[in-house]
Amino acid sequence: MSEERAGSGAQSGDANGGYRGILFVISSPSGGGKGTLIRRLLNAVPGVSYSVSWTTRGPRAGETDGVNYHFVTTEEFARMRGRGGFLEWAVVHGHLYGTARSVVEQDLSEGHDIILEIDVQGAAAVRATMSSVVSVFILPPSFEVLRARLTARMTERPDELELRLRNARGEVEQYRHFDYIVLNDVVERAAAQLASIVWAERARRDRQEWVARRVLKTFAHAPDVE
Ligand code: 5GP
C-alpha cells in the first residue's frame, strides 16, 4: 500500500478488503463556479476521477468531445437510455444530460473515488438509487454574483442565459438535500474546503476499517502488558 493510497483508500483486489470508492455528487446553479472548483480538486487531491457526462447540448468554444462531455445526438442519447446505460439522466436547461453507469460502477469497484458534476435532479436520482453518496452543493454568494459570472463568461446565447438564471432559484432551494454546502465566495477557500471534504470522507472509520485491521494484525506479536 502506497502512502497516497492509505489516504485515498483506492486499492484493487483483496488488498483493500473490498473497499469501494466514494461517489461524490457536486451540484450548483449554472455559473456557481463548480467547474473551477472541481478542476482544482482534481489537481490537488490524488485518486479522484471525474465522470464525463453525455449531453445533447452542442459544444462551446474550447470544449472537447470526450473530455468535457460526450457530445451526442438525441438519437444516440435515447439508445443509451433505452439499454439502461445511464445511472441517471435529466433534462437541464432544455438539453439532455446523463451519467454513464458502467464508468461509475467500474471506478467505484476499483476503489477510485469519482466525482459526478450533475444538476440537482440528477443528484436526487443518484441519492435514491445508490447506497452511499456524498453530496456537495456549491452555493454562489448571491444572485447578483451568479448573474455577473454567467454574463461575463459569454458562453450562452441571451435566451439561454435568461433560462439558466430563471432556473437558478429552484436549484438553490435544493441545497437542503445535500450533505455539505460550500460557499463559493473566495475561490481559494472554497477549493480548500472541497478538498477537505474529500479527505475527511476518506478518513471515516467505516472506510478505513480495513486499514485499521491490517495495522492491528502487525501488533499480534507485540509484548503483552504485564
Ligand atoms: P452545462 O451546460 O453548463 O455544462 O451544464 C448544465 C447543467 O447540467 C449543470 O448543472 C451540470 O452540472 C448539469 N449536468 C452535467 N452533466 C450532467 C449529467 O450527467 N446529469 C445531470 N443530471 N446533470 C448534468
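Scoring rules and cut-offs
- All chains use their own residue numbering, which begins from 1 and follows the written sequence.
- In keeping with the predicted nature of the model, local features appear solely for residues at pLDDT of at least 70, side-chain atom pairs appear and are counted solely at 80 or more, and the whole-chain, interface and lining totals rest on all residues.
- Side-chain figures throughout are based on the complete set of non-hydrogen atoms in the structure, without hydrogens or water.
- Neighbouring residues are identified by heavy atoms, a residue being near a molecule or strand if any of them is within 4 Å of it.
- Pairs of N or O atoms are called polar contacts if they sit within 3.5 Å, as long as, within protein, a hydrogen donor faces a hydrogen acceptor (for residues adjacent in sequence, only side-chain-to-side-chain pairs).
- Under the convention used here, a 1.4 Å probe and the Shrake-Rupley method define accessible areas, while residue burial counts only the protein chains that appear.
- Here a cavity denotes a set of grid points, spaced 1 Å apart and computed over the protein atoms alone, in which a 1.4 Å probe fits but from which it cannot get out, and a pocket denotes an open set meeting protein on both sides within 12 Å along at least five of seven lines; residues with an atom within 4 Å of a point are reported as lining.
- To qualify as sitting in a cavity or pocket, a molecule needs more than half of its atoms within 2 Å of the grid points.
- Comment: elements are numbered from the N terminus, with helices defined as DSSP H or I runs of at least four residues and strands as E runs of at least two.
- Residues are grouped as follows: Ala, Val, Leu, Ile, Met, Phe, Trp, Tyr, Cys and Pro are nonpolar; Asp, Glu, Lys and Arg are charged; every other residue, Gly included, is polar.
- Here, the term nonpolar core denotes a set of buried Ala, Val, Leu, Ile, Met, Phe, Trp, Tyr and Cys residues that are joined through side-chain atoms within 4.5 Å.
- Here's how the labels work: a residue is buried when its accessible area is under 20% of the maximum for its type, exposed when over 50%, partly exposed in between, all with a 1.4 Å probe on protein chains only.
- Two residues form a contact once any of their heavy atoms are found within 4.5 Å.

Which parts of the structure should I look at to understand the site of the ligand?
In the neighbourhood of the ligand, 18 residues make up the surrounding shell, with Ser53, Arg57, Tyr69, Tyr97 and Arg164 lying closest. Within the side chain of Lys34, an N or O atom sits 3.5 Å from an oxygen atom of the ligand. At 2.7 Å, a side-chain N or O of Ser53 approaches an oxygen atom of the ligand. Computed on the free molecule, the ligand has an accessible area of 510 Å², of which 95% lies beneath the protein chains in the complex. Because more than half of its atoms lie within 2 Å of the grid, the ligand is assigned to the largest pocket. Of all the elements in the fold, those that place two or more residues in the shell around the ligand are strand E5 (86-92) and strand E6 (95-100). Looking at side-chain class alone, the shell around the ligand contains 5 nonpolar, 6 polar and 7 charged residues.

Which parts of the structure should I look at to understand the nonpolar core?
The nonpolar side chains of a soluble globular protein tend to be buried, and buried together. In this structure, Phe24, Ile26, Leu41, Ile115 and Val136 are the most contacted members of the largest nonpolar core, which totals 22 residues. Of all the elements in the fold, those that place two or more residues in this core are strand E1 (23-27), helix H2 (34-44), strand E8 (134-139), helix H8 (187-202) and helix H9 (205-217). Here this core gets 6 residues from one element, more than from any other, and that element is H8. Among all residues touching Ile115, those that are not within four sequence positions of it are Phe24, Ile26, Ile38, Leu41, Leu42, Val48, Ser49, Tyr50 and Ser51. In this structure, Val25, Val104, Ile114 and Val120 belong to the second largest nonpolar core, which totals 15 residues.

Taken by themselves, the reported measurements are silent on function.
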